[in-house]
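One letter stands for each residue in the lines below.
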Amino acid sequence: DRRDVVLDISDLFESKIDGEAFFEENFITSGMKVLIEKSFERLEGRGDQASTFLLAQAMGGGKTHNMIALGLLAKDPSLRKQVLGNDGPGSVLGGVRVVGFNGRQSDAPFGIWGEIADQLGKKDVFSDCYSPLQAPGQNAWINLLKGEPTIILLDELPPYLDNAKSK
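### Describing the packing of helix H4 (residues 63-75) against helix H5 (residues 77-84)
Then comes step 1: Taken N-terminus to C-terminus, the directions of H4 and H5 make an angle of 115 degrees; their axes are 5 Å apart at the nearest point. Residues Leu72, Leu73, Ala74 and Lys75 of H4 pack against Pro77, Leu79, Arg80, Val83 and Leu84 of H5.
Then comes step 2: Grouping the amino acids of the contact of H4 with H5 by side-chain chemistry returns 7 nonpolar, no polar and 2 charged.

### Section: the pattern of salt bridges
Then comes step 1: Tallied over the entire structure, the rule returns 5 salt bridges.
Then comes step 2: Lysine 33 serves as the salt-bridge partner of glutamate 37, at 4.0 Å between the closest nitrogen and oxygen. Residue glutamate 37 and its partner lysine 33 are both found in helix H3 (residues 30-43); the two are separated by 4 residues, about one turn of the helix.
Then comes step 3: Since its relative accessible area comes to 31%, glutamate 37 is described here as partly exposed.
Then comes step 4: Residue classification places lysine 33 among the partly exposed positions, given a relative accessible area of 46%.
Then comes step 5: Across the salt bridge formed by arginine 104 and glutamate 156, the nearest N and O atoms sit 3.1 Å from each other. Note that arginine 104 is positioned in the loop between strand E1 (97-102) and helix H6 (111-119) and glutamate 156 in the loop between strand E2 (150-155) and helix H8 (157-166), a separation of 52 residues in sequence.
Then comes step 6: With a relative accessible area of 52%, arginine 104 lands in the exposed category.

### Some thoughts on the nonpolar core
Then comes step 1: Ranked by internal contacts, the top residues of the largest apolar core, which has 24 residues, are Leu12, Phe40, Leu72, Ile151 and Leu153.
Then comes step 2: When residues in this core are grouped by element, the largest group, 7 residues, is from H4.
Then comes step 3: What leucine 153 contacts, discounting residues up to four positions off in sequence, is Ile9, Leu12, Phe13, Met67, Gly71, Val98, Val99, Gly100 and Phe101.
Then comes step 4: Judged by nonpolar contacts, the second largest core, of 13 residues, contains Ala108, Ile112, Cys129 and Tyr160.

### Focus on the packing of aromatic side chains
Then comes step 1: Scanning all chains against the criterion turns up 4 aromatic pairs.
Then comes step 2: Here the aromatic rings of phenylalanine 101 and tyrosine 160 are separated by 5.0 Å at their centres, their planes lie at 80 degrees, and the arrangement is edge-to-face. Of this pair, phenylalanine 101 sits in strand E1 while tyrosine 160 sits in helix H8; the two residues are 59 residues apart in sequence, bridging distant segments of the chain.
Then comes step 3: The class for phenylalanine 101 is buried, based on a relative accessible area of 0%.

### Focus: the packing of H3 against H4
Then comes step 1: Between H3 and H4, the least distance of the axes is 10 Å, while the angle of their chain directions is 40 degrees. Comparing the axis directions of H3 and H4 gives the class oblique. In terms of crossing hand, the pair formed by H3 and H4 is right-handed. Across the interface between the two elements, Met32, Leu35, Ile36, Ser39 and Phe40 from H3 touch His65, Asn66, Ala69, Leu70, Leu73 and Ala74 from H4.
Then comes step 2: Residues that form the contact of H3 with H4 fall into these classes: 8 nonpolar, 3 polar and no charged.

### Quick word on H3
Then comes step 1: End to end, H3 covers 20 Å across 14 residues, agreeing with the expected 20 Å (1.5 Å per residue, within 8%).
Then comes step 2: Restricting attention to buried positions, one finds in H3 the residues Met32, Leu35, Ile36, Ser39, Phe40 and Leu43. What you see down the axis of H3 is that its buried residues fit within an arc of 115 degrees, all on one side.
Then comes step 3: Considering only its buried residues, H3 is in contact with H4, H5 and E2.
Then comes step 4: Downstream of H3 by one or two residues, glycine 45 has phi in the positive range, about 80 degrees.

Reading the values: the criteria
Residues numbered from 1 in each chain as written. Predicted model: local features only at pLDDT ≥ 70, side-chain atom pairs only at ≥ 80, totals over all residues. Heavy atoms only, no water. Axes fitted to C-alpha atoms, helices over the stretch in contact; angles between N-to-C directions. Helix = DSSP H or I, 4+ residues; strand = E, 2+ residues; numbered from the N terminus. Contact = heavy atoms within 4.5 Å. Nonpolar A, V, L, I, M, F, W, Y, C, P; charged D, E, K, R; others polar. Salt bridge = Lys/Arg side-chain N within 4 Å of Asp/Glu carboxyl O. Buried < 20%, exposed > 50% of the residue type's maximum accessible area, 1.4 Å probe, protein only. Core = buried A, V, L, I, M, F, W, Y, C linked by side-chain atoms within 4.5 Å. Phe/Tyr/Trp six-rings, centres within 6.5 Å; stacked < 30°, edge-to-face > 60°. Parallel < 35°, antiparallel > 145°, perpendicular 65-115°, else oblique. Left-handed = near helix turned anticlockwise from the far one by under 90°. Expected span 1.5 Å × (residues − 1). Arc of directions from axis to C-beta.

All we've got here are geometric facts, nothing functional implied.
As structure tokens, then:
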């Protein structure tokens with residue numbers, strides 16, 4: 001009786017996914033568990049894992065699915081405890097900011113960085129980078145992200161980069 005639903009990373013950013021329903025229908029795989037554990041270790045300041053995780057799976061291999069799972073758990077501490085347990089990964093954290101970019105949005109007028117800044121409500125931090133469109137430097141990113149734990153999810157970048165290259 002269930003209909004097939006293909007979730008898009010944009011659905012996460014727009015809060016269109018019911019976290020409880022998502023985890024009722026999905027199983028946490030060993031790979032997903034590692035991603036979740038290492039991500040929360042980093043957010044809690046534990047562990048020496050780099051702050052960038054590259055999900056490299058074959059097409060249709062669950063990259064977006066893993067990012068959605070991590071994003072849902074990061075955003076909602078009560079869902080996190082329900083799914084991962086009271087002493088599970090991230091149990092000492094409150095809500096985490098989750099922002100990102102879907103590369104199928106080839107019409108992002110202020111680039112990937114502008115979309116991320118806008119989602120954080122800090123679009124003005126990168127105002128010098130919008131015209132002409134140029135990537136912000138390290139200090140600009142530090143200023144944008146300081147304050148709260150934040151996860152940035154980037155999905156489907158090849159279509160965006162192909163489109164940017166064509167211009």
